[in-house]
Amino acid sequence: MSSAHDFDFFFGEWDVVHRRRLDFLDPASGWEEFGARNRCWSLFDGAANIDEMPVPAQGWTGLTLRLFDPATGLWSLHWSTDRAGRLFPPVTGRFTGGRGEFTGDDTHEAKSVRVRFVWSGISATTARWEQAFSVDEGRTWLANWSMDFTRRAVDGAGELP
């Protein structure tokens, strides 16, 4: 069952390896890979959080706002970038058995898409996020972006290197 503390694992500093399809809707498209850092912090005693991810190699910074609705037990995840200056339509969902799945509707290059985010591989030092799009209302999915997170090491003085 989902709770207001589902994303507690994500608080702190992370190194990130992105793997992104060059064309989000083309299964024959190639991939690009790039690195980033991520920092996530808690709000509302865990029932909300924000993470910020500068991606210097791509020239943008991303941000996710996550909110837990105790009445429904669902999370809403809202993505934005400094290039967009707005929140994209949210995906909603929950964690079950250590895996979080979140879906919603959006557009990509003027085409309606169903969006799915999956959080998996969660441990004290690792996590994985994957995005997939569907153009057939969720019957089939094309994975188009993944992020592998590794917790940043802390030195003996409690500081990040």
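Look up a bit, the structure's there.
To start, this report covers the structure provided alongside it.

**Quick notes on the pattern of salt bridges**
Consideration 1: Overall, the coordinates contain 10 salt bridges when judged by the stated rule.
Consideration 2: Here R20 ties to E32 by a salt bridge, and the two come within 2.6 Å at their closest N and O atoms. Within this pair, whereas R20 is found in strand β1 (residues 12–21), its partner E32 is found in strand β2 (residues 31–43), the two being separated by 12 residues in sequence.
Consideration 3: What makes R20 buried here is its relative accessible area of 13%.
Consideration 4: Among the residues examined, E32 registers a relative accessible area of 23% and is labelled partly exposed.
Consideration 5: Linking R39 and E52 is a salt bridge whose minimum nitrogen-to-oxygen distance equals 3.9 Å. Taken together, the residues R39 in strand β2 and E52 in strand β3 (residues 48–55) connect sequence positions 13 residues apart.

**A word on the environment of T92**
Consideration 1: With respect to the secondary-structure elements, T92 resides in strand β6 (residues 91–96).
Consideration 2: For T92, a relative accessible area of 35% corresponds to the partly exposed category.
Consideration 3: Remark: the alpha-carbon pair of T92 and T107, spanning 15 residues in sequence, is separated by 16 Å.
Consideration 4: Not counting residues within four places of it along the chain, the set of residues in contact with T92 comprises W75, S76, E101, F102 and T103.

**Here's the deal with the packing of aromatic side chains**
Consideration 1: With the rule as written, the count across this model stands at 21 aromatic pairs.
Consideration 2: Seen in terms of ring centroids, F7 and W119 are 6.0 Å apart; in terms of plane orientation they differ by 85°. Their pairing is edge-to-face. Note that F7 is positioned in the segment before β1 and W119 in strand β8 (residues 111–120), a separation of 112 residues in sequence.
Consideration 3: Relative to W145, the ring of W129 has its centre 6.0 Å away and its plane inclined at 80°; by these criteria the two rings are edge-to-face. Note that W129 is positioned in strand β9 (residues 126–134) and W145 in strand β10 (residues 142–151), a separation of 16 residues in sequence. Side by side, W129 and W145 carry an identical accessibility label, which is buried.

**Some points on the environment of T96**
Consideration 1: In this structure, T96 sits in strand β6.
Consideration 2: Between the C-alpha atoms of T96 and W41, which are 55 residues apart in sequence, the distance is 22 Å.

What counts and how
- Counting from 1, residues in each chain are numbered in the order their sequence is written.
- Whole-chain, interface and lining totals are the exception, using all residues; otherwise, since this is a predicted model, local features are given only for residues with pLDDT of at least 70 and side-chain atom pairs are given and counted only at 80 or more.
- Only heavy atoms go into the side-chain values, all of them from the structure, while hydrogens and water stay out.
- Any carboxyl oxygen of Asp or Glu that lies within 4 Å of a side-chain nitrogen of Lys or Arg is treated as forming a salt bridge with it.
- Segments assigned H or I by DSSP are reported as helices when at least four residues long, segments assigned E as strands when at least two residues long, and all are numbered from the N terminus.
- Burial classes: relative accessible area under 20% of the type maximum marks a residue as buried, over 50% as exposed, and values in between as partly exposed (1.4 Å probe, protein chains only).
- In this analysis, two residues are considered to be in contact whenever any of their non-hydrogen atoms come within 4.5 Å of each other.
- Two aromatic rings, drawn from Phe, Tyr or Trp (for Trp, its six-membered ring), form a pair once their centres lie within 6.5 Å of each other, and the interplanar angle then sorts them: stacked below 30 degrees, edge-to-face above 60, tilted otherwise.

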